[in-house]
Amino acid sequence: MAEYLQRVPLYQSGLHTKEHIDLWGHDANKGLLFDRLFGGYDQSWKVDKLQRDKIKQTHPLDWLTGPCGNAAALESAKNRQLALISTLNGKAISCQLDWNMVTGTGEAHPLENGFRWHHTLGVPYLPASSIKGMLRAWLTTWASDIFSKEEITDLFGSDREQSEAHYMGTLIFFDALPLAPATLTLDVMTPHAGDWYEKGASQPGKPDTGPADWQSPVPITFLAVKEATFLFTLAARNDASQSQLGKVMEQLDDALTTLGIGAKTALGYGVMTKLEATQPQSGERLLGASQEQRRQQQADRKRQLERASMSPNQLNVADLAERLSARDDKQFKEGFNNEIADLVNTALRDSWSIDERLALATVIEQSSVWTQISKKEKARERKALLAQLKE
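In this report, the structure presented in the accompanying data block is examined. (Residues numbered from 1 in each chain as written. Predicted model: local features only at pLDDT ≥ 70, side-chain atom pairs only at ≥ 80, totals over all residues. Heavy atoms only, no water.)

### Let's talk about the sheet that holds strand 1 (residues 66-68)
Piece 1. Taking strand neighbours across the sheet as the criterion, the three strands line up as 1-5-6 in an open arrangement whose pairing is antiparallel. In this open sheet, the two edge strands, each paired with only one partner strand, are strand 1 and strand 6 (220-227). The sheet shows a mean angle of 45° between the axes of neighbouring strands, direction not considered.
Piece 2. Pairing analysis gives seven bridges linking strand 5 (residues 182-189) to strand 6, with the strands arranged antiparallel. Bridge pairing in strand 6 places L186 opposite L223. (Pairing = 2+ DSSP bridges. Helix = DSSP H or I, 4+ residues; strand = E, 2+ residues; numbered from the N terminus. Axes fitted to C-alpha atoms, helices over the stretch in contact; angles between N-to-C directions.)

Structure, rendered in structure tokens:
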């Protein structure tokens, strides 16, 4: 257990940070450990922001690197997201990182280099607001010929800096979550004029606070996403914006490929490549599978409701129809002839209702080969029985 935890009754658990990871593997909620159980304080509750052990060549955040996230929880989150998008007739794409991505550096943290974690999944993610802001900037600055200003305002909502009227846009943006556990790494930036950044505005004109070459560079370690594939989803609030969804998703792809997303994009961070639609984890393929599953569920629900209102005789006929439709093969269907003969005799003998008899006759005519036999006398007899069912 970290020494500082022995000095205050903050935590009841005897496990902390690296011990948690060693025990649970990458399934541990690293976001919770990073934000709430930071173990880099010294005996006087101060933090050495350099945080590097020069002898061991290690960093206190090394335990955060590697896989991050619970695969089953991410799969469940993905399925819920796709089910929602399917219901809203939205669009989805999957994009894979080309290189490191940094997000949430402005979040409060003792190291002053925060990280944005999903609160419950404990994985890096991209908030819907960040995606919306990045895409709007792309369409107004780099791809201004794609949509008119009026269309952008309609899709994204009013611009507070340019309009007194405030209203939401017709596009619905969703958080982008990794499809599988992401891989984290430690990265380093080395400001060469740290005193100028920190004190230049408050103490101008001094040798130590100017952007000078003689100041010592200070390497600062920060957390970054090394490998991840994110699911990006959009939906529309009305029919007009629904027709624009495909075009908007194409621009989102271009923006992620060209600009990237998150912090430090000017240095190449956060650039992504869209997975081809044929790949198993592509957003289009995943959404298609979700839509098919939804259609099947609706069909099953409709079938259950229909069966709930059927009589026992109608249920027998419905079961027969389902089994006959399993294969379009004459030899297969001939195997039901004896069962059909028994049902016909039962229907005529037990005085089934006209609706029940008509349902049985329809199944026999459309799905079976009961009357299609080589013996003409037997065929005429069966056709006569079929005619009696319709009376």
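And the narrative resumes.
### Quick look at the nonpolar core
Piece 1. If you look at the biggest cluster of nonpolar residues, it comprises 54 residues, and the most contacted ones within it are L135, F232, L252 and M272.
Piece 2. Residues contacting M272, with those up to four places away along its chain left out, are C95, Q96, L97, D98, M101, L126, F230, F232, L256, T257 and I261.
Piece 3. Residues V317, L324, F336 and A347 belong to the second largest nonpolar core, which totals 17 residues. (Core = buried A, V, L, I, M, F, W, Y, C linked by side-chain atoms within 4.5 Å. Buried < 20%, exposed > 50% of the residue type's maximum accessible area, 1.4 Å probe, protein only. Contact = heavy atoms within 4.5 Å.)

### Focus on the pattern of salt bridges
Piece 1. Counted by the stated rule, this structure contains 10 salt bridges.
Piece 2. The shortest N-O distance in the salt bridge between E107 and R116 comes to 3.2 Å.
Piece 3. Since its relative accessible area comes to 33%, E107 is described here as partly exposed.
Piece 4. Linking R303 and E322 is a salt bridge whose minimum nitrogen-to-oxygen distance equals 2.4 Å. One end of the pair, R303, is in helix 9 (residues 283-308); the other, E322, is in helix 10 (residues 312-324), with 19 residues separating them in the sequence. (Salt bridge = Lys/Arg side-chain N within 4 Å of Asp/Glu carboxyl O.)

### What to know about the environment of T265
Piece 1. When you line up the elements, T265 lands in the loop between helix 8 (245-258) and strand 8 (272-274).
Piece 2. Along the sequence, T265 and N100 sit 165 residues apart, while their C-alpha atoms lie 9.9 Å from each other.
Piece 3. Ignoring any residue separated from it by four or fewer positions in sequence, one finds T265 in contact with L259 and G260.

### Considerations on the side chain of S94
Piece 1. Within the fold, S94 resides in strand 2 (residues 91-97).
Piece 2. Overall, the relative accessible area of 0% leaves S94 in the buried class.
Piece 3. Beyond its immediate chain neighbours, meaning those up to four positions away, S94 contacts L179, T229, F230, L231, T273, K274, L275, Q281, S282, G283 and L286.

### Brief notes about helix 3 (residues 71-87)
Piece 1. Its 17 residues give helix 3 an end-to-end C-alpha distance of 24 Å, which sits within 8% of 24 Å, the value for a rise of 1.5 Å per residue.
Piece 2. When we look at burial in helix 3, the residues that qualify are L74, A77, K78, Q81, L82, I85 and S86. What you see down the axis of helix 3 is that its buried residues fit within an arc of 165°, all on one side. When the buried face of helix 3 is taken as reference, the exposed residues oriented beyond 90 degrees from it are A72 and R80.
Piece 3. Here the buried face of helix 3 lies against strand 2, strand 4 (177-178), strand 7 (229-236) and helix 9.
Piece 4. Residue N89 follows helix 3 closely and has a positive phi angle near 55°. (Expected span 1.5 Å × (residues − 1). Arc of directions from axis to C-beta.)

### Considerations on the pairing of strand 5
Piece 1. As defined by bridge partners, strand 1 adjoins strand 5 across three bridges and the pair is classed as antiparallel. Note on strand 5: the bridge partner recorded for C68 is A182.

### Concerning the packing of aromatic side chains
Piece 1. Scanning the entire structure with this criterion turns up seven aromatic pairs.
Piece 2. Measuring from centroid to centroid gives 5.7 Å for F156 and F173, while their planes differ by 35°, and the two rings are tilted. Taken together, the positions of F156 in helix 5 (residues 149-156) and F173 in strand 3 (residues 171-173) put the pair 17 residues apart, joining distant regions of the chain.
Piece 3. Note on F156: relative accessible area 2%, which makes it buried.
Piece 4. F173 gets classed as buried once you look at its relative accessible area, which sits at 12%.
Piece 5. The rings of F34, F115 and W117 are connected pair by pair, giving a single aromatic cluster.
Piece 6. One Lys or Arg, K247, reaches over the ring of F147 and ends 4.8 Å from the middle of that ring. (Phe/Tyr/Trp six-rings, centres within 6.5 Å; stacked < 30°, edge-to-face > 60°. Lys NZ or Arg CZ within 6 Å of the ring centre and 35° of its normal.)

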